[in-house]
Amino acid sequence: MFEAARTILKQLFLKPATNVFPAKYAPASTLSFLDKVSRQEVKLHPPVTVPPGFRGKIAYDRENCTGCQQCYKICPTQAIEWLPEEKKIKVFISRCCFCAQCVDVCPVNTLVMTEEFLLASYDKYADELVIVDSGELPDSKKRKKPGAEAAEKPTEQS
Ligand code: SF4
Ligand code: SF4
(Lines give C-alpha, C1' and ligand atoms only; values in the text may rest on other atoms or scores of the structure.)
(Ligands and ions follow the chains in the order given, each with its own letter.)
Protein backbone atom coordinates (compact mmCIF):
# COMPACT_ATOMS: atom_id res chain seq x y z
CA MET A 1 0.00 0.00 0.00
CA PHE A 2 2.77 2.35 1.00
CA GLU A 3 4.71 1.43 -2.17
CA ALA A 4 1.70 2.15 -4.40
CA ALA A 5 1.16 5.55 -2.79
CA ARG A 6 4.82 6.37 -3.23
CA THR A 7 4.69 5.46 -6.94
CA ILE A 8 1.53 7.54 -7.50
CA LEU A 9 3.05 10.56 -5.79
CA LYS A 10 6.22 10.18 -7.85
CA GLN A 11 4.19 10.10 -11.06
CA LEU A 12 2.60 13.44 -10.17
CA PHE A 13 5.94 15.17 -10.51
CA LEU A 14 7.26 13.38 -13.59
CA LYS A 15 7.18 15.00 -17.00
CA PRO A 16 4.87 13.27 -19.52
CA ALA A 17 6.61 10.59 -21.59
CA THR A 18 4.59 11.53 -24.66
CA ASN A 19 5.71 14.29 -27.02
CA VAL A 20 3.24 17.16 -26.80
CA PHE A 21 3.38 17.94 -30.49
CA PRO A 22 2.27 20.03 -32.36
CA ALA A 23 0.62 21.87 -29.44
CA LYS A 24 0.94 21.59 -25.70
CA TYR A 25 -2.84 21.14 -25.39
CA ALA A 26 -5.16 19.74 -28.08
CA PRO A 27 -6.60 22.74 -29.98
CA ALA A 28 -10.39 23.02 -30.36
CA SER A 29 -9.85 23.14 -34.12
CA THR A 30 -6.69 21.74 -35.69
CA LEU A 31 -7.26 23.68 -38.91
CA SER A 32 -7.64 27.06 -37.22
CA PHE A 33 -4.60 26.21 -35.08
CA LEU A 34 -2.56 25.53 -38.24
CA ASP A 35 -3.90 28.75 -39.78
CA LYS A 36 -2.61 30.66 -36.78
CA VAL A 37 0.75 28.92 -37.09
CA SER A 38 1.00 29.99 -40.74
CA ARG A 39 0.16 33.58 -39.69
CA GLN A 40 2.84 33.25 -36.97
CA GLU A 41 0.29 34.05 -34.25
CA VAL A 42 1.14 30.85 -32.35
CA LYS A 43 4.18 28.60 -32.40
CA LEU A 44 4.34 24.84 -32.86
CA HIS A 45 5.49 22.96 -29.81
CA PRO A 46 8.77 21.43 -31.05
CA PRO A 47 8.85 17.69 -31.76
CA VAL A 48 11.35 15.39 -30.05
CA THR A 49 14.60 14.69 -31.85
CA VAL A 50 14.31 11.50 -33.86
CA PRO A 51 16.66 8.65 -32.90
CA PRO A 52 19.57 7.52 -35.13
CA GLY A 53 18.41 5.25 -37.94
CA PHE A 54 14.95 6.86 -38.03
CA ARG A 55 13.10 5.97 -41.25
CA GLY A 56 11.42 9.13 -42.51
CA LYS A 57 10.67 10.54 -45.95
CA ILE A 58 12.85 9.15 -48.73
CA ALA A 59 15.35 11.34 -50.57
CA TYR A 60 16.60 10.42 -54.04
CA ASP A 61 19.77 11.55 -55.82
CA ARG A 62 18.52 11.32 -59.39
CA GLU A 63 21.75 12.19 -61.15
CA ASN A 64 23.69 9.37 -59.52
CA CYS A 65 20.99 6.75 -60.04
CA THR A 66 22.27 4.08 -62.43
CA GLY A 67 18.78 2.88 -63.34
CA CYS A 68 19.44 -0.68 -62.14
CA GLN A 69 15.77 -1.07 -61.05
CA GLN A 70 16.64 -3.02 -57.90
CA CYS A 71 14.69 -0.62 -55.67
CA TYR A 72 11.69 -0.79 -58.01
CA LYS A 73 11.70 -4.61 -57.96
CA ILE A 74 12.09 -4.97 -54.19
CA CYS A 75 9.52 -2.36 -53.07
CA PRO A 76 6.67 -4.29 -51.40
CA THR A 77 4.07 -1.54 -51.84
CA GLN A 78 4.70 -0.44 -55.45
CA ALA A 79 5.66 2.97 -54.15
CA ILE A 80 8.40 3.23 -56.76
CA GLU A 81 7.57 3.93 -60.38
CA TRP A 82 10.07 3.01 -63.11
CA LEU A 83 10.51 5.64 -65.83
CA PRO A 84 11.81 3.57 -68.79
CA GLU A 85 12.63 6.44 -71.14
CA GLU A 86 14.75 8.27 -68.58
CA LYS A 87 15.97 5.12 -66.81
CA LYS A 88 15.18 6.78 -63.48
CA ILE A 89 12.59 6.31 -60.74
CA LYS A 90 9.89 8.29 -58.97
CA VAL A 91 8.82 7.56 -55.37
CA PHE A 92 5.26 8.03 -54.13
CA ILE A 93 5.56 8.67 -50.41
CA SER A 94 1.83 8.12 -49.86
CA ARG A 95 2.32 4.44 -50.81
CA CYS A 96 5.60 3.96 -48.93
CA CYS A 97 5.59 1.81 -45.77
CA PHE A 98 9.07 3.05 -44.75
CA CYS A 99 10.59 -0.43 -44.77
CA ALA A 100 13.93 0.91 -46.17
CA GLN A 101 14.43 -2.11 -48.44
CA CYS A 102 15.03 0.17 -51.42
CA VAL A 103 17.68 2.05 -49.46
CA ASP A 104 19.41 -1.18 -48.43
CA VAL A 105 19.41 -2.63 -51.93
CA CYS A 106 20.60 0.45 -53.84
CA PRO A 107 24.19 -0.27 -54.93
CA VAL A 108 25.17 3.39 -55.21
CA ASN A 109 23.41 4.85 -52.14
CA THR A 110 21.24 7.19 -54.13
CA LEU A 111 18.29 6.60 -51.82
CA VAL A 112 18.22 7.55 -48.13
CA MET A 113 15.59 7.85 -45.45
CA THR A 114 15.62 11.32 -43.96
CA GLU A 115 14.46 12.50 -40.53
CA GLU A 116 11.41 14.22 -42.02
CA PHE A 117 8.15 12.83 -40.66
CA LEU A 118 5.58 15.61 -41.06
CA LEU A 119 3.98 14.13 -44.15
CA ALA A 120 0.26 14.66 -43.64
CA SER A 121 -1.47 16.12 -46.68
CA TYR A 122 -4.90 16.31 -48.27
CA ASP A 123 -3.32 15.52 -51.63
CA LYS A 124 -1.37 12.27 -51.91
CA TYR A 125 0.09 13.49 -55.22
CA ALA A 126 1.28 16.82 -53.80
CA ASP A 127 4.76 17.80 -55.02
CA GLU A 128 6.31 17.18 -51.60
CA LEU A 129 4.94 13.62 -51.57
CA VAL A 130 6.24 12.59 -55.01
CA ILE A 131 10.01 12.31 -54.98
CA VAL A 132 11.60 13.01 -58.35
CA ASP A 133 14.96 14.47 -57.35
CA SER A 134 16.29 15.55 -53.97
CA GLY A 135 19.67 16.67 -55.30
CA GLU A 136 23.06 15.31 -54.30
CA LEU A 137 23.16 13.12 -51.20
CA PRO A 138 26.23 13.00 -48.95
CA ASP A 139 26.90 9.24 -49.24
CA SER A 140 25.88 8.84 -52.85
CA LYS A 141 28.65 7.13 -54.80
CA LYS A 142 29.50 9.44 -57.66
CA ARG A 143 29.63 7.85 -61.07
CA LYS A 144 32.81 8.94 -62.70
CA LYS A 145 32.86 9.74 -66.39
CA PRO A 146 35.50 7.77 -68.36
CA GLY A 147 38.87 9.51 -68.01
CA ALA A 148 37.71 11.62 -65.04
CA GLU A 149 39.92 9.69 -62.58
CA ALA A 150 43.05 10.28 -64.63
CA ALA A 151 42.18 13.96 -64.91
CA GLU A 152 41.89 14.19 -61.10
CA LYS A 153 45.39 12.72 -60.46
CA PRO A 154 48.04 15.39 -59.80
CA THR A 155 50.54 15.72 -62.61
CA GLU A 156 54.11 14.64 -61.81
CA GLN A 157 56.64 17.43 -61.53
CA SER A 158 59.62 16.97 -63.82
S1 SF4 B 1 10.94 2.31 -48.08
FE2 SF4 B 1 10.01 0.32 -48.64
S3 SF4 B 1 7.92 0.87 -49.23
FE4 SF4 B 1 9.06 2.77 -49.23
S5 SF4 B 1 9.72 3.04 -51.35
FE6 SF4 B 1 11.38 1.95 -50.26
S7 SF4 B 1 10.99 -0.23 -50.57
FE8 SF4 B 1 9.11 0.89 -51.12
S1 SF4 C 1 18.48 0.87 -56.73
FE2 SF4 C 1 19.50 2.88 -56.68
S3 SF4 C 1 20.65 3.01 -58.60
FE4 SF4 C 1 19.17 1.33 -58.84
S5 SF4 C 1 17.37 2.32 -59.81
FE6 SF4 C 1 17.04 2.36 -57.58
S7 SF4 C 1 17.84 4.37 -56.93
FE8 SF4 C 1 18.65 3.95 -58.99
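That block above? That's the structure.
In short, a report on the structure. (Residues numbered from 1 in each chain as written. Chains lettered and ligands numbered in written order. Predicted model: local features only at pLDDT ≥ 70, side-chain atom pairs only at ≥ 80, totals over all residues.)

### Let's talk about the overall build of the protein chain
Along its length, the protein chain carries five helices and five strands. Ordered by position from N to C terminus, the α and β elements of the protein chain give α-α-β-α-β-β-α-β-β-α. Scored against the burial criterion, the 158 residues of the protein chain give a buried share of 12%. Intrachain contacts of the protein chain at a sequence separation of at least 6 include 66% that bridge at least 24 residues. (Helix = DSSP H or I, 4+ residues; strand = E, 2+ residues; numbered from the N terminus. Buried ≥ 20, exposed ≤ 12 C-beta atoms within 10 Å, placed from the backbone. Contact = placed C-beta atoms within 7 Å.)

### A closer look at the site of ligand 1
Surrounding ligand 1, one finds 15 residues, the nearest of these being C75, A79, C96, C99 and C102. Residue composition of the shell around ligand 1, by class: 13 nonpolar, two polar and no charged. (Near = placed C-beta within 6 Å. Nonpolar A, V, L, I, M, F, W, Y, C, P; charged D, E, K, R; others polar.)

### Quick word on the site of ligand 2
If you check the shell around ligand 2, you find 13 residues, and the closest are C65, C68, Q70, C71 and C106. For the shell around ligand 2, the residue count by class is eight nonpolar, five polar and no charged.

### Overview of the pairing of strand β3 (residues 88–92)
Going residue by residue along β3, you find I89 and V91 tucked away on one face and K88, K90 and F92 left uncovered on the opposite face. Across four bridges, the pairing between strand β2 (residues 80–83) and β3 is antiparallel. Among the inter-strand pairings, E81 is bridged to a residue of β3, identified as K90. Alignment of β3 against strand β5 (residues 130–131), held across two bridges, turns out to be antiparallel. By the bridge assignment, F92 is partnered in β5 with V130. (Pairing = 2+ DSSP bridges.)

### Considering helix α2 (residues 30–38)
When you tally the buried positions in α2, you get zero out of nine residues, a small fraction of the element. Immediately beyond the C-terminal end of α2, within one or two residues, lies Q40, with a positive phi of roughly 60°.

### Quick word on the sheet that holds β3
Strand order in the open sheet made by the three strands is β2-β3-β5, with antiparallel pairing throughout. Looking along the sheet, the strands with just one partner apiece sit at the ends: β2 and β5.

### Looking at the environment of G67
Structurally, the position occupied by G67 is in the loop between β1 (58–60) and α3 (70–74). Spatially, the C-alpha atom of G67 lies 7.5 Å from that of I89, the residues being 22 residues apart in sequence. Not counting chain neighbours up to four residues away, the residues in contact with G67 comprise K87 and K88.

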